[in-house]
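So you can see what is in the structure, the chains are spelled out below.
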Amino acid sequence: MTTQPAIQDLTARIGAAVKAARTAAGLSAPALAAACTELGVPTAANAVNKIETARRESLKLEEAIAFAVAAGVPLVSLIVPLDGEAEVDLLPNLRLPVWEAAMLITGEDPLEGAVEDRSHTVLAIYREHMVDVRTALISTREARERRSQAVHHEVGSTRYQQLSRQASEFERIAAEDCQRLRETRTRMREQGLHPSPLPAVLAFIDSDE
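A few points on the structure. Please read these numbers as outputs of a predicted model, since none were measured by experiment. Numbers given for residues are sequential positions, taken from 1 along each chain in its written order. Local features in this predicted model are restricted to residues of pLDDT 70 or higher, and side-chain atom pairs are both shown and tallied only at a pLDDT of 80 or more, whereas totals for entire chains, interfaces and linings draw on every residue. As a rule here, side-chain values come from all non-hydrogen atoms in the structure, and water together with hydrogens is ignored.

**Looking at the pattern of salt bridges**
Close approach of charged atoms lets side chains of opposite charge pair. Salt bridge criterion: a side-chain nitrogen from Lys or Arg within 4 Å of a carboxyl oxygen from Asp or Glu. Going through the model one piece at a time under the given rule, you end up with 13 salt bridges. As a salt-bridge pair, Glu 128 and Arg 187 come within 2.7 Å of each other at their nearest N and O atoms. Within this pair, whereas Glu 128 is found in helix H7 (residues 118-150), its partner Arg 187 is found in helix H8 (residues 158-190), the two being separated by 59 residues in sequence. Working definition: with a 1.4 Å probe on protein chains only, accessible area under 20% of the residue-type maximum means buried, over 50% means exposed, and in between means partly exposed. Taking relative accessible area as the criterion, Glu 128 reaches 32% and is therefore assigned partly exposed. In this structure, the salt-bridge partner of Arg 180 is Asp 177, at a minimum N-O distance of 2.8 Å. Every helix listed is a DSSP run of H or I at least four residues long, and every strand listed is a run of E at least two residues long, numbered separately from the N terminus.

Structure representation (C-alpha cells):
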C-alpha cells in the first residue's frame, strides 16, 4: 500500500525534528538508537538515518515517543514545528495554525466545536495539580530559607526581626498552598485518578491524610 504524500511529509517533518533534537542533545544516531532500544523500542542506527533523511514513508507512534524521550524533548515538538510556518498539516485533510495543532496534541484546549468529555476534565485537574505542587514547593522552600537565615543573626537584631517576619508570612502562605494541594490530591483520588508522587519536601502532605 502506497503511503499518502501528506503522511510522508509528516514523517519527513518528524525526521527533521528528530535530527535537530538529537544534534542538540549531543547524541550520535547509534546512541539515539541504543537509547530507544533500551526504552523497549528496538531501533537500528540505520533506521534513525532513514527517518532523519526522509527515506521512511511512515513512523510508528512508539518510535516517535521513544525518540522524544531519548532526546529529552516534548513529543509535541517532534510533531508540530513550533518555530516553523504559521500553519501545519497534521493529517491529509487537517491543516491548523501551529499553536492550535500543538494544543490538540497536548490537550491544552479542545478544538472549536469539539465536545468536551471526561478526558478534558482529567487533563485540567492534572494541570491544576502540577501548578499546586509548584506553588507549594516555592512557598515552602522560601519559608524554610527565611527561617534558616534568621537563626544566623542575633536574636532581636533588626535583620533577625526582618527575616522572622518574612519567614512567618511565607509560612502562612505555604500552609495555604499546601492545604490547597492536599485538597486537589484528595479530589483526584475521589475521581479515581492517581496524583504523581510529591517531592520529598512536600511528602508530609500525604502523611497528614
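Read on, since the account is not over.
**Here we look at the side chain of His 129**
Relative to the helices and strands, His 129 is located in helix H7. Should any heavy atoms of two residues lie within 4.5 Å, those residues are counted as being in contact. The contacts of His 129, once residues within four sequence positions are left out, are Leu 181, Thr 184, Arg 185, Met 188, Pro 195 and Ser 196.

**Comments concerning the pairing of strand S1 (residues 87-91)**
Any two strands are treated as partners once DSSP identifies two or more bridges connecting them. With four bridges joining them, S1 and strand S2 (residues 94-97) adopt antiparallel strand pairing. The residue of S2 that forms the bridge with Asp 89 is Arg 95. What sits between the antiparallel neighbours S1 and S2 is a turn of two residues.

**Quick word on the nonpolar core**
Nonpolar core, defined: a set of buried Ala, Val, Leu, Ile, Met, Phe, Trp, Tyr and Cys residues in which side-chain atoms within 4.5 Å join the residues together. Counting 28 residues, the largest nonpolar core has Ile 14, Phe 67, Leu 78 and Val 80 as the members making the most contacts within it. Secondary-structure elements contributing two or more residues to this core are helix H1 (5-24), helix H2 (29-38), helix H3 (45-52), helix H4 (61-71), helix H5 (75-79), S1 and helix H6 (98-106). With sequence-adjacent residues up to four places away left out, Val 80 is seen in contact with Val 88, Leu 90, Val 98, Ala 101, Ala 102 and Ile 105. Counting nine residues, the second largest nonpolar core, distinct from the first, contains Val 133, Ala 136, Leu 137 and Leu 198.

**A short note on H4**
Among all positions of H4, only Glu 63, Ala 64, Ala 66, Phe 67, Ala 68 and Ala 71 are buried. Note on H4: the residue one or two positions beyond its end, Gly 72, has a positive phi of about 75°.

**Focus: the packing of H7 against H8**
To describe two helices that pack against each other, one gives the angle between their axes and the distance between the axes. Helix axes are fitted only over the stretch in contact, all axes being lines through C-alpha atoms; the angle between N-to-C directions runs from 0 to 180 degrees. In contact at an axis separation of 7 Å, H7 and H8 are set at 155° when each is read in the N-to-C sense. Accordingly, the angle class assigned to the pair H7 and H8 is roughly antiparallel. Two packed elements cross with a definite hand, and for H7 against H8 that hand is left-handed. In what follows, roughly perpendicular refers to angles from 65 to 115 degrees, roughly parallel to angles under 35, roughly antiparallel to angles over 145, and oblique to any angle outside these ranges. Helix crossings fall into two classes, left-handed where the near helix is turned counterclockwise from the far one by less than a right angle and right-handed where it is turned clockwise.

**Concerning the layout of surface pockets**
Reported here for the largest pocket is a volume of approximately 160 Å³. A cavity here means a set of points on a 1 Å grid, drawn over the protein atoms and nothing else, where a 1.4 Å probe fits but cannot get out; a pocket is an open set with protein on both sides within 12 Å along at least five of seven lines, and a residue lines either one if it has an atom within 4 Å of a point. Around the largest pocket sit Ile 7, Leu 10, Thr 11, Ile 14, Leu 59, Lys 60, Leu 61, Ala 64 and Ile 79, which together line it. Sorting the residues of the lining of the largest pocket by element identifies H1 and H4 as the ones contributing at least two each. With four residues, the single largest contributor to the lining of the largest pocket is H1. The classification used treats Ala, Val, Leu, Ile, Met, Phe, Trp, Tyr, Cys and Pro as nonpolar, Asp, Glu, Lys and Arg as charged, and all other residues, Gly among them, as polar. Partitioned by chemical class, the residues of the lining of the largest pocket number seven nonpolar, one polar and one charged. Grid points are joined across faces, edges and corners, and a volume is the space filled by probe spheres set on the points.

**Concerning the packing of H2 against H3**
At a minimum axis distance of 8 Å, the contact between H2 and H3 shows a crossing angle of 110°. With respect to H3, the axis of H2 lies roughly perpendicular. Residue-level inspection shows Ala 29, Pro 30, Leu 32 and Ala 33 of H2 in contact with H3, the latter providing Ala 45, Val 48 and Asn 49.

**A look at a nonpolar patch on the surface**
Like charges are joined within 9 Å and nonpolar side chains (Val, Leu, Ile, Met, Phe, Trp, Tyr) within 5 Å, but only among residues with over 30% relative accessible area and no salt bridge; these make up the patches. All accessible-area figures derive from a Shrake-Rupley calculation using a 1.4 Å probe, and residue coverage is judged against the displayed protein chains alone. Residues Leu 39, Leu 61, Ile 65 and Val 69 make up a contiguous nonpolar surface patch of about 370 Å² in total accessible area. Structurally, the position occupied by Leu 61 is in helix H4. Judged by relative accessible area, Leu 61 falls into the exposed class, the value being 58%.

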